[in-house]
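Listed here are the chains, written in short residue letters.
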Amino acid sequence: MQGAIARVCMVVTAAILNHPLLFPQENTTPPEQDDEVIARMREHEERLEIEQARLEKEFSLLDSKQEEISSSEEGYSWYLWSTVSFVIFFTIEMCRVNLSDTEIRPVEDEDLLSESGAITPGTMGLNKDVLSNFCDKSNYTSAHENWRVREFVEGFADDLLESLRSCCDGEADMEVGDFVGIGSMFESWKVCKPLTCDLIVPFSPPDPYSFQFDLWCSPSSDMPPDMQGCGRIKVAGFRDDKEGCLCGSANLGEDLLCLLHGRDDTVKLDHSPEELLCSRNTQLLAKDQIMKWFQISLTKAWGRISHKYDFEVTFGNLDAAGALKIRFRSWKVIVMNIIPVVQLESTDAYFVPHFPSDHDSSPDPYWTLSYAVYERNLLKHLAKCLPQNSCHLHCLQIVTFLHKKQTVLTGKTALTNYHLKTSLLHVLLSKRPSAWGIENTEHRLRDVLSFLQRSLHEKKLHHALIGNSRVPEELQVPEVISKAGPINLFRSLVLQRELYAATVRHFKEMLRNAPVLIQEFTPPLSNGGLHHRQEESL
């Protein structure tokens, strides 16, 4: 009898351990395969029923043989074990409905990239000759046009900012510094029109005021989790250490001097926080106030020098302050994004109120910290170690070209050029320099797309510079940034399921359409009208 009870326990234990819903495997069957799962479960149940019938028959034989010697206590034990077995089997069956809802259905979005028959970077059809033609075309465009555009933009920006400074009140307005060129045009990987130049312009408060910074990674920071990578800017110097002195607010005359402050360091007239573009009732710099001030100042500055130029300038709205569209008489268009920024102390990191392509910028008073200058310097630093005719910028050009063309077809998603550039930087830092020769363009392109595909699948794309130990020390990234925890640029995909699904569909369609899009961009070299047709397709 004890052996029979032991066998019953083994059967029940096997049923629990092997039940597909109670202990699912890591690669749980996707929802579209529910019929197959149910079929396997039914087959499993049938085998258990057969085994149970066999055991019941065996138990009945044992009962008939041991009926004379079995005691009433053993009979009660048998009923107890039968009841326990029934309860266990009943519990397993009740878990069928609950576990099927809680453990199978949530993997719908996670398996979007692993559907059968889906195009992957490894199976994407790429022609080496077509890729070579694309690289030749992009080099031609960069060599014959981009340098002339940069030269014009730099000269025009200098003139415009000089006019802006003359419009500002030196004692009341913000002080405007020299611009810094960032982005694809200044990193030599711009490939699509319209030609766009991004310029950042640092500004600082008038004396004796200064900026103080509170970063998300500071030990004493109380910023919410969704504000990672951001900071707050406090305007300091509102008579904190000179309270009670009237020399800055009263006219003492020429014959009277303040005993606390000399003639040269007399405190200037006070400004209210609102006058220094702070948020209401705070000393925190307000992004919307800065953008409004910069837009008005830039418009006045253009009004002063417009008579010197023979082209039309159109200004964007306040949501994109500093966005200019220059249209020549030949109908050629150049887009300039002049962005007011605040420099983080003496580093090359800048607080940015908005990005031209970012429609989900952080709310006031949180400013996003940009590392565009460090990223530009990183590309230059790595280029010194790469082969002379390397393919890293070609890979970035191809991926951004495909992304833009696919966006025209399927609309905007969460995927941006910055995500593509970040993926390239990660692959650049992980591959040996000799692997980036021009002959390896196809393989490196697949590596970048595979990295991006894996990041989408995991909904995790870390910033290339923040908390990355592979970044060379020569870049001199601030320690507070290099030692900070990594930031997930795909955090919005974790929180927004529909946005994630749309982004995955966009990426899959981009891979599927890649051969056709690249072929259309680079017609056969034998075509006599090659350059004319290519310039029209940009």
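These numbers come from a predicted model, not from an experiment. (Residues numbered from 1 in each chain as written. Predicted model: local features only at pLDDT ≥ 70, side-chain atom pairs only at ≥ 80, totals over all residues. Heavy atoms only, no water.)

Using the criterion set out here, one finds 12 salt bridges in the structure. Here arginine 165 ties to aspartate 178 by a salt bridge, and the two come within 3.2 Å at their closest N and O atoms. Within this pair, whereas arginine 165 is found in helix α4 (residues 128-167), its partner aspartate 178 is found in the loop between β1 (175-176) and β2 (180-182), the two being separated by 13 residues in sequence. Residue classification places arginine 165 among the partly exposed residues on the basis of a relative accessible area of 26%. (Salt bridge = Lys/Arg side-chain N within 4 Å of Asp/Glu carboxyl O. Helix = DSSP H or I, 4+ residues; strand = E, 2+ residues; numbered from the N terminus. Buried < 20%, exposed > 50% of the residue type's maximum accessible area, 1.4 Å probe, protein only.)

A separate point is the confidence of the model for the protein. Taken as a whole, the protein shows an average pLDDT of 78; of its residues, 67% reach a score of 70 or greater. Contacts of residues 96-110 to residues separated by more than four positions or lying in other chains number 29 contacts, the stretch itself having pLDDT below 50. Low pLDDT (under 50) marks residues 240-244, which in the prediction has 3 contacts with non-local residues, meaning those over four places away or in another chain. (pLDDT = per-residue confidence, 0-100. Contact = heavy atoms within 4.5 Å.)

What follows is about the environment of valine 494. Secondary-structure assignment places valine 494 in helix α12 (residues 491-495). Given the relative accessible area of 48%, valine 494 is considered partly exposed. Separated by 36 residues in sequence, valine 494 and glutamate 458 place their C-alpha atoms 9.2 Å apart. Ignoring sequence-local partners within four residues, the contact set of valine 494 consists of Lys459 and Asn488.

With 14 residues, helix α7 (residues 372-385) ought to run about 20 Å at 1.5 Å a step, and its terminal C-alpha atoms sit 21 Å apart, in line with that. Of the residues making up α7, those classed as buried are Ala372, Val373, Tyr374, Glu375, Arg376, Leu378, Leu379 and Leu382. (Expected span 1.5 Å × (residues − 1).)

Their axes nearest at 10 Å, the elements helix α8 (residues 392-410) and helix α9 (residues 417-430) cross at an angle of 150°. Considered as vectors, α8 and α9 are oriented roughly antiparallel to each other. Both α8 and α9 take part in a crossing whose hand is right-handed. Residues His392, Cys395, Leu396, Val399, Thr400 and His403 of α8 touch α9, and the partners they reach there are Asn417, Leu420, Lys421, Leu424 and Leu428. In terms of residue class, the contact of α8 with α9 is built from 6 nonpolar, 4 polar and 1 charged. (Axes fitted to C-alpha atoms, helices over the stretch in contact; angles between N-to-C directions. Parallel < 35°, antiparallel > 145°, perpendicular 65-115°, else oblique. Left-handed = near helix turned anticlockwise from the far one by under 90°. Nonpolar A, V, L, I, M, F, W, Y, C, P; charged D, E, K, R; others polar.)

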